[in-house]
Amino acid sequence: MNYTKFPRRGYLQGATPIEPMTKLSKALGMDVNLYVKRDDLLPGASGGNKTRKLDFCIADALTKGADTIITCGAVQSNHCRLTASWSAKEGLECHLVLEERVKGSYKEDGSGNNFLFELLGVKSKRVVPGGSDMMAEMEKTAEELKENGKKPYIIPGGASNPIGAMGYAVCAEETMAQLNEMRLQIDHIIVPSGSAGTHAGMAVGMTGTNANIPISGMNVSRPKDVQEEIVYNLAAQTADMLGVKSGVARNDIVCYADYVGPGYSIPTESMIEAVKLFAGEEAILLDPVYSGKAAAGLIDLVRKGEFAKGANVLFLHTGGSPALYAYLDTFRS
Ligand SMILES: *Cc1c(COP(=O)(O)O)cnc(C)c1O
């Protein structure tokens, strides 16, 4: 793939590790070999997947002369934390619009990512009710800032537009280069599927490199069909932007909605088990909202015998561990 015509800041410091999860694989007792791609270790305060997307999005903002970034997310948004993080590094103002998706979940003095927003110097935070038109809300903030002489740039939720999704096409290519170097044949890849840029970008990158490795997305909020359509549309636009002539096949976009539970960010028993297993067996910290539910899906598919004996399965760890500290009671009880 050729990324050279797209501005990019260079936030990555080489490839994130791919590690075997030998103890966890053994604990599941199904003769499936689990591996993890450690995007939780990406640069940016506390790491995580949004750094790859912001590498392109913030470069675009700077190219367009912005001095201020506006973005949005849920009350414990990792994307907002990383946008604040890179904005701080770049000397850009950062303004957040937070969507209270679960009524009463916003706490002014909340822990986890909410605490880090303050520490990372976010200029303003505005909380709006769940279901609000977030783009319209961010445009409102942009108008106010423009009246005060600022040059704001809006990054959509999760940085999931084609510019941001390119960051995960990069990740797919990086992963293939590592697997070829390691001579490690992976049979299946599991990714979380939220605002969809991660899943869509991976699908584009894997298609563009002719990797022929199936990818399954684990939903964190939406029904299967709805999420697959969102991922597919974003993948199609991203493939188009990168000149992937074949496009992405609709059949290659597969999502599972079985591990969402009662809703976005609401804890489930299987998420709690997954977080405890990854911590106890591999000393890897997941998060309650994304990677914990995605890992719950991975574990369930392994136990149900969805993967052949001896199969090698790669889990993309997208980060998010600061949110754990906003869920202490969930894990202690
Ligand atoms: C945003 C996020 C995801 C989901 O990625 P999308 O590109 O929004 O689908 C997964 N894990 C963590 C920790 C995240 O913050």
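The structure this text deals with has already been given above.
What you see is a predicted model, and the numbers here were worked out from it, not measured in a lab. (Residues numbered from 1 in each chain as written. Predicted model: local features only at pLDDT ≥ 70, side-chain atom pairs only at ≥ 80, totals over all residues. Heavy atoms only, no water.)

Visitor: Would you mind showing me how to read the overall build of the chain here?
Guide: Across its full length, the chain holds 11 helices and 10 strands. Here the chain has a C-alpha radius of gyration of 19 Å; the compact-globule value for 333 residues is 20 Å, and the two agree. When its C-alpha atoms are laid out on the principal axes, the chain stretches across 60 × 50 × 35 Å. Contacts in the chain between residues far apart in sequence, at least 24 positions, make up 79% of those at least 6 positions apart. A total accessible area of about 13,900 Å² is found for the chain, and carbon and sulfur atoms account for 49% of it. Each charge class in the chain can be summarised by its mean position, and for the 34 positive and 38 negative side chains these summaries are 2 Å apart. (Helix = DSSP H or I, 4+ residues; strand = E, 2+ residues; numbered from the N terminus. Rg over C-alpha atoms; globule rule 2.2 N^0.38 Å. Contact = heavy atoms within 4.5 Å. Areas by Shrake-Rupley, 256 points an atom, 1.4 Å probe, with all protein chains shown as cover. Lys, Arg positive; Asp, Glu negative; His and termini not counted. Charge placed at Lys NZ, Arg CZ, Asp CG, Glu CD.)

Visitor: In this structure, what is going on with the site of the ligand? I would like to understand it.
Guide: Around the ligand sit 17 residues, and of these Lys50, Lys53, Ser195, Thr198 and Thr318 come closest. A distance of 2.9 Å separates an oxygen atom of the ligand from a polar backbone atom of alanine 196. In this structure, a nitrogen atom belonging to the ligand sits 2.6 Å away from a side-chain N or O atom of threonine 318. Its free accessible area being 370 Å², the ligand has 98% of it covered by the protein chains. When atom positions are compared with the pocket grids, the ligand is found to occupy the largest pocket. (Near = heavy atom within 4 Å. Polar contact = N/O pair within 3.5 Å; in protein donor to acceptor, adjacent residues only side chain to side chain. 1 Å grid on protein atoms, 1.4 Å probe; cavity = no way out; pocket = protein on both sides within 12 Å on 5 of 7 lines; lining within 4 Å. Sits in = over half its atoms within 2 Å of the grid points.)

Visitor: How should I be thinking about a nonpolar patch on the surface in this particular structure?
Guide: A cluster of nonpolar side chains, contributed by Leu285, Tyr325 and Leu328, occupies part of the molecular surface with about 280 Å² of accessible area. Note on placement: leucine 285 falls in the loop between α9 (269-282) and α10 (291-303). (Patch = residues over 30% accessible without salt bridge, like charges linked within 9 Å, V, L, I, M, F, W, Y side chains within 5 Å. Salt bridge = Lys/Arg side-chain N within 4 Å of Asp/Glu carboxyl O.)

Visitor: Mind showing me how you'd approach the sheet that holds strand β3 (residues 68-74) here?
Guide: The 4 strands lie next to each other as β5-β4-β3-β6, forming an open sheet whose pairing is parallel. Unpaired on one side and paired on the other, β5 (124-129) and β6 (152-154) mark the two borders of the sheet. For this sheet, the mean inter-axis angle between neighbouring strands, taken without regard to orientation, is 25°. Pairing geometry for β3 and β6, over 3 bridges, is parallel. When the bridges of β6 are listed, isoleucine 70 appears paired with isoleucine 154. Sitting on the sheet, helix α5 (residues 134-147) touches β3, β4 (93-100), β5 and β6, and the angle it makes with β4 is about 150°. (Pairing = 2+ DSSP bridges. Axes fitted to C-alpha atoms, helices over the stretch in contact; angles between N-to-C directions.)

Visitor: Got a minute to help me understand the layout of surface pockets in this structure?
Guide: The probe, sized like a water molecule, is rolled over the atoms to show the empty space still left. Taken as a whole, the largest pocket spans an internal volume of roughly 770 Å³. Every residue lining the largest pocket is counted, 42 residues in all, and those nearest its centre are Arg101, Gly157, Gly158, Gly194 and Ser195. When contributions to the lining of the largest pocket are tallied by element, the ones reaching two or more residues are α2 (50-63), β3, α3 (78-90), β7 (188-193), α7 (197-208) and α8 (224-242). Residue contributions to the lining of the largest pocket peak at 4 residues, all from α3. Along the lines of polarity and charge, the residues of the lining of the largest pocket split into 12 nonpolar, 23 polar and 7 charged. Formed jointly, the lining of the largest pocket draws a minimum of three residues from each of two domains, domain 1 (18-48 + 161-332) and domain 2 (50-159). Of the pockets and cavities examined, the second largest pocket occupies roughly 430 Å³. Contributing to the lining of the second largest pocket are 24 residues, with Val75, Gln76, Ser105, Ala326 and Tyr327 lying nearest its centre. Taken together, the residues that form the lining of the second largest pocket break down as 12 nonpolar, 8 polar and 4 charged. (Points joined across faces, edges and corners; volume = space filled by probe spheres on them. Nonpolar A, V, L, I, M, F, W, Y, C, P; charged D, E, K, R; others polar. Domains from an automatic or database assignment.)

Visitor: What is the right way to look at the side chain of serine 85 in this model?
Guide: Mapped onto the fold, serine 85 is located in helix α3. Judged by its relative accessible area of 7%, serine 85 falls in the buried class. (Buried < 20%, exposed > 50% of the residue type's maximum accessible area, 1.4 Å probe, protein only.)

Visitor: I'm lost on the pattern of salt bridges in this one. Help?
Guide: Opposite charge on two side chains lets them pair, provided their charged atoms get close. In this structure the tally under the stated criterion is 20 salt bridges. One salt bridge in this structure joins lysine 64 and aspartate 60, with 3.0 Å as the shortest N-O distance. We classify lysine 64 as exposed; its relative accessible area is 58%. Residues joined in a network through salt bridges with shared partners are Lys37, Asp39, Arg52 and Glu174.

Visitor: What exactly am I supposed to notice about the environment of glutamate 137 here?
Guide: On the secondary structure map, glutamate 137 appears in helix α5. In this structure glutamate 137 comes out as buried when scored by relative accessible area, which is 14%. With 39 residues separating them along the chain, glutamate 137 and leucine 98 place their C-alpha atoms 9.7 Å apart. The residues contacting glutamate 137, other than those within four sequence positions of it, are Val97, Arg126, Val128 and Ser132.

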